[in-house]
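So you can see what is in the structure, the chains are spelled out below.
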Amino acid sequence: MVIDDSKTIRRTAESLLKKVGCEVMTAVDGFDALALIADHHPDVIFVDIMMPRLDGYQTCALIKHNEVYKNIPVIMLSSKDGLFDRARGRIVGSEQYLTKPFTKDELLGAIRRYANKAA
């Protein structure tokens, strides 16, 4: 699952992941994502930090505090690369932090690293 308010980022990630055989869902913000997570239980979630309504930190925290979904790996996506941002991502429970623009290898590496752990 890719959660990002940027249509470009959603399309780019979706395209890269579908080319290697991944089933991809996208959401424009945390609120939309939570409903999809409940319905589809994704193997890995990529979430942008800066989004309207429910930001990435809040979305990650809600996922990680839910007994049913807490084991789904969450990877933060952000154009910010500061130590504070990375630390805050860890505090709310994210497994990894990718800086935008991410590369195909970074995205696929995260999928390989975490997809099997979610099962």
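These numbers were taken from a predicted model, which means no experiment stands behind them. (Residues numbered from 1 in each chain as written. Predicted model: local features only at pLDDT ≥ 70, side-chain atom pairs only at ≥ 80, totals over all residues. Heavy atoms only, no water.)

1. Observations concerning the UniProt feature "modified residue: 4-aspartylphosphate" (unreviewed entry) in the chain
Our working rule: UniProt positions are given in the numbering used here, feature names are shortened, and annotations may be inferred rather than shown by experiment. Comment: elements are numbered from the N terminus, with helices defined as DSSP H or I runs of at least four residues and strands as E runs of at least two. Only protein chains enter the accessibility calculation, which uses a 1.4 Å probe; a residue is then buried when its area is under 20% of its type maximum, exposed when over 50%, and partly exposed in between.
Annotation from UniProt places "modified residue: 4-aspartylphosphate" (unreviewed entry) at Asp-48. Structurally, Asp-48 can be placed in strand 3 (residues 45-48). Looking at Asp-48, the relative accessible area reads 4%, which means it is buried.

2. Focus on the environment of Ser-79
Short version of the rule: Only heavy atoms enter the contact rule, under which two residues are in contact if any of them lie within 4.5 Å.
Considering the arrangement of structural elements, one finds Ser-79 in the loop between strand 4 (74-78) and helix 4 (83-91). Taking the relative accessible area as the measure of exposure, Ser-79 reaches 59% and is therefore exposed. Distance in space between the C-alpha atoms of Ser-79 and Gly-21 is 27 Å, their sequence separation being 58 residues. When residues no more than four places from it in sequence are discounted, the contact partners of Ser-79 are Thr-99 and Lys-100.

3. Describing the side chain of Asp-55
Which entries qualify depends on this criterion: In protein, a polar contact requires one atom able to donate a hydrogen and another able to accept it; more generally it is a pair of N or O atoms within 3.5 Å, and residues adjacent in sequence count only if both atoms are side-chain atoms.
The topology assignment puts Asp-55 in the loop between strand 3 and helix 3 (56-64). Here Gln-58 takes part through its backbone nitrogen, which lies 2.8 Å from a polar atom of the side chain of Asp-55. Sequence-distant contacts of Asp-55, that is, excluding residues within four places in its chain, are made with Asp-48, Ile-49 and Arg-88.

4. Section: the side chain of Lys-100
Relative to the elements of secondary structure, Lys-100 occurs in the loop between strand 5 (96-99) and helix 5 (104-118). What makes Lys-100 buried here is its relative accessible area of 17%. Of note is the side chain of Lys-100, whose polar atom sits 3.0 Å from the side chain of Asp-4. Once residues within four sequence positions are removed from consideration, Lys-100 is found in contact with Asp-4, Ile-9, Asp-48, Leu-77, Ser-78 and Ser-79.

5. Digging into the pairing of strand 5
Which entries qualify depends on this criterion: Paired strands, in this sense, are two strands between which DSSP finds at least two bridges. A clockwise course of the path from the first strand over the helix to the second, judged with the strands pointing away from the viewer, identifies a crossover as right-handed.
The sheet contact formed by strand 4 and strand 5 spans four bridges and is parallel. Bridging across to strand 5, Met-76 finds its partner in Tyr-97. For the handedness criterion, the β-α-β arrangement of strand 4, helix 4 and strand 5 is classed as right-handed.

6. What to know about the sheet that holds strand 2 (residues 26-27)
The strands making up a sheet associate through hydrogen bonds between their backbones, and the pairing can be parallel or antiparallel. We apply this condition: Axes, fitted as lines to C-alpha atoms, cover a helix only where it is in contact. Angles between the N-to-C directions of the axes lie from 0 to 180 degrees.
Judged by pairing direction, the sheet is parallel, and its five strands sit side by side in the order 2-1-3-4-5 without closing on themselves. Looking along the sheet, the strands with just one partner apiece sit at the ends: strand 2 and strand 5. In the sheet, strand 1 (residues 2-3) pairs with strand 3 via two bridges, with the strands oriented parallel. Bridge pairing in strand 3 places Val-2 opposite Phe-46. Against the sheet, helix 3 engages strand 1, strand 3 and strand 4, with an angle of about 175 degrees to strand 4.

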